Amino acid sequence: MLDATNIIKASLEVGREFLRPPHEGDDTAEKVRAIPLLVPIRSLGVNHRTRIASHLLSLEPHDRYLRFGYMAQDEQILRYVDGLDFDRDEIFGIYNRKLELIAMAHLAYASPAGHDACAEFGVSVVPAARGRGYGARLFERAAMHATNDGVSLLFIHALSENAAMLKIARNAGARVERDGTESEAFLHLPQATLDSQVTELIEEQVAQTDYRIKVQAKQFWSFLADLQNIRRDAIDAQARTPP
Ligand SMILES: CC(C)(COP(=O)(O)OP(=O)(O)OC[C@H]1O[C@@H](n2cnc3c(N)ncnc32)[C@H](O)[C@@H]1OP(=O)(O)O)[C@@H](O)C(=O)NCCC(=O)NCCS
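Just so it is clear, the model here is predicted, and its values are computed rather than measured.

Definitions and limits used
- The numbers attached to residues start from 1 for each chain and follow its sequence in the written order.
- A pLDDT threshold of at least 70 governs which residues receive local features in this predicted model, and a stricter bar of 80 or more applies before side-chain atom pairs are shown or counted, although totals over entire chains, interfaces and linings include all residues.
- As a rule here, side-chain values cover all heavy atoms of the structure and leave hydrogens and water aside.
- A run of H or I in DSSP becomes a helix once it reaches four residues, and a run of E becomes a strand once it reaches two; helices and strands are each numbered from the N terminus.
- Exposed residues in this analysis have more than 50% of their type's maximum accessible area, buried residues have under 20%, and partly exposed residues fall in between, with area computed by a 1.4 Å probe over protein chains only.
- Working rule for contacts: check all heavy atoms of both residues, and any pair within 4.5 Å makes them a contact.
- Using a 1.4 Å probe, the Shrake-Rupley method yields the accessible areas, and only the shown protein chains count as cover for residues.
- Whenever a carboxyl oxygen of Asp or Glu lies within 4 Å of a side-chain nitrogen of Lys or Arg, that contact is scored as a salt bridge.
- Where helices are involved, their axes are fitted lines through C-alpha atoms of the stretch in contact, as for all axes, and angles between N-to-C directions lie from 0 to 180°.
- Reported orientations rely on four angle classes, namely roughly parallel under 35 degrees, roughly antiparallel over 145, roughly perpendicular from 65 to 115, and oblique for the rest.
- When the near helix sits turned anticlockwise from the far one by under a right angle, the crossing is termed left-handed; a clockwise turn instead gives a right-handed crossing.
- Here the nonpolar group is Ala, Val, Leu, Ile, Met, Phe, Trp, Tyr, Cys and Pro; Asp, Glu, Lys and Arg are the charged ones; every other residue, Gly included, is treated as polar.
- For this purpose, a residue is taken to be near a molecule or strand whenever a single non-hydrogen atom of the residue falls within 4 Å of it.
- Here a polar contact is taken to be a pair of N or O atoms separated by no more than 3.5 Å, where protein atoms must pair a possible hydrogen donor with a possible acceptor and residues adjacent in sequence count only if both atoms sit in side chains.
- Comment: arc refers to directions from the helix axis out to C-beta atoms.
- Residue types Ala, Val, Leu, Ile, Met, Phe, Trp, Tyr and Cys, when buried and joined through side-chain atoms within 4.5 Å, form a set referred to as a nonpolar core.

*Asks:* Summarise the overall build of the chain; cite the residues concerned and give the values.
*Replies:* Secondary structure summary: the chain contains eight helices and seven strands in total. Classification of the 243 residues of the chain by burial places 41% in the buried group. Considering only contacts within the chain whose residues lie at least 6 apart along the sequence, 65% involve residues at least 24 apart. Put simply, the chain shows about 13900 Å² of open surface, and 56% of that area lies on carbon and sulfur atoms.

Here's what the structure looks like:
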């Protein structure tokens, strides 16, 4: 749950991020950094479709198998991304400083009549960002959104070998039913409260602000890099000019 102290600390973290240039190859450094207090998870709209596709296409075959339940080929992933219904469903994402989508979740609402109160959760985190709690945080965020939307049952289909996903579900209190190589997890959601609604609003605002700062920081550092290139070219040209 959010409190004022966490929000202030998270804002300071975002400020520090702004001053850190996104050098190539700093993913290792990011890996060993402490897990942030507040993970900015934002709701993704249709204009994020290309980045969603890049994120999913970057997954290796075994991760695609775990995510979709079959070894999804590139065309199947592209068809899935094309078919995402941003009006009906909710897609959540976590961006890094380079504006790469490093984790995403799909909360799919049941469309057949009589199943309005059900939704299915699917998630993926790039290997370099795993073990930092992003999967669990995306699940919490999706569960809170579903609660606020009047969903009473959240459903996760996972392969029985998927220890991390089943741990996330069990930690959240879901009932897991194993059927051979496949497992289904069911989480009964409580009724929405003013607190759950306000918390979601604040989290979304924090995430939108974090994203805007990342966009500005990226533009700032690329502007600086351009300036440095111009300066370097000018110095080289001067050095080549005969006295
Ligand atoms: C499943 C997945 C989303 C987990 O993401 P993540 O960000 O690494 O997960 P978290 O860091 O939030 O960890 C969640 C829990 O699982 C545990 N966990 C993580 N990896 C684990 C593993 N390989 N084996 C056992 N437990 C594991 C963590 O310790 C944590 O439990 P804890 O809070 O009790 O310590 C990620 O591994 C992934 O993208 N896999 C490929 C796609 C996929 O399987 N999607 C799920 C099917 S819809």
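Next comes the rest of the account.
*Asks:* Outline the pattern of salt bridges, supporting the account with residue identities and numerical values.
*Replies:* Tallied over the entire structure, the rule returns ten salt bridges. Across the pair Asp 89 and Arg 88 runs a salt bridge, and its minimum N-O distance is 2.8 Å. Its relative accessible area of 37% is what places Arg 88 among the partly exposed residues. Notably, a salt bridge pairs Glu 200 with Arg 141, separated by 3.1 Å at the nearest N-O pair.

*Asks:* Any details on the environment of Thr 209? Residues and values, ideally.
*Replies:* In this structure, Thr 209 sits in helix α8 (residues 194–240). According to the relative accessible area criterion, Thr 209 is partly exposed, its value standing at 35%. As for Thr 209 and Pro 40, which are separated by 169 residues in sequence, their C-alpha atoms are 8.9 Å apart.

*Asks:* Tell me about the packing of helix α3 (residues 49–57) against helix α5 (residues 74–82), residues and numbers included.
*Replies:* With their axes 10 Å apart at the nearest point, α3 and α5 run at an angle of 150 degrees to one another. Of the possible angle classes, the one that applies to α3 and α5 is roughly antiparallel. The two elements α3 and α5 cross, and the hand of that crossing is right-handed. Where α3 abuts α5, its residues Arg 49, Ile 52, Ala 53, Leu 56 and Leu 57 lie against Asp 74, Ile 77, Leu 78, Tyr 80, Val 81 and Asp 82. A class-by-class count of the residues in the contact of α3 with α5 yields eight nonpolar, no polar and three charged.

*Asks:* Run through the site of the ligand, naming residues and quoting values.
*Replies:* Near the ligand lie 21 residues; those nearest to it are Val 123, Val 125, Gly 131, Gly 133 and Asn 162. Residue Val 123 places a main-chain N or O atom 2.8 Å away from a nitrogen atom belonging to the ligand. Isolated, the ligand exposes 940 Å² of accessible area, and the fraction of that covered by the protein chains is 72%. When contributions to the shell around the ligand are tallied by element, the ones reaching two or more residues are α4 (61–68), β4 (118–125), α6 (134–148) and α7 (163–171). Element by element, the count of residues in the shell around the ligand is highest for α7, at six residues. By residue class, the composition of the shell around the ligand is nine nonpolar, seven polar and five charged.

*Asks:* Would you mind going over α3 in detail, with residue names and values included?
*Replies:* Among the residues making up α3, those that are buried are Ile 52, Ala 53, His 55 and Leu 56. End-on, the buried residues of α3 take up no more than an arc of 160 degrees, which puts them together on one face. Residues of α3 that are buried sit in contact with α4, α5, β2 (90–95), β3 (101–109) and β4.

*Asks:* I'd like a rundown of the nonpolar core, residues and numbers included.
*Replies:* Counting 33 residues, the largest nonpolar core has Ile 94, Leu 107, Phe 121, Leu 138 and Leu 154 as its most contacted members. Going through the elements one at a time, β2, β3, β4, α6, β5 (153–159), α7 and β7 (182–188) are the ones with two or more residues in this core. When residues in this core are grouped by element, the largest group, six residues, is from α6. Excluding residues that lie within four positions of it along the chain, Leu 107 makes contacts with Asp 89, Glu 90, Phe 92, Ala 119, Glu 120, Ala 142, His 145, Ala 146 and Leu 154. One finds Leu 56, Val 81, Ile 91 and Leu 99 within the second-largest nonpolar core, a separate group that totals 17 residues.

Keep in mind that these numbers describe shape and distance, not what the molecule does.
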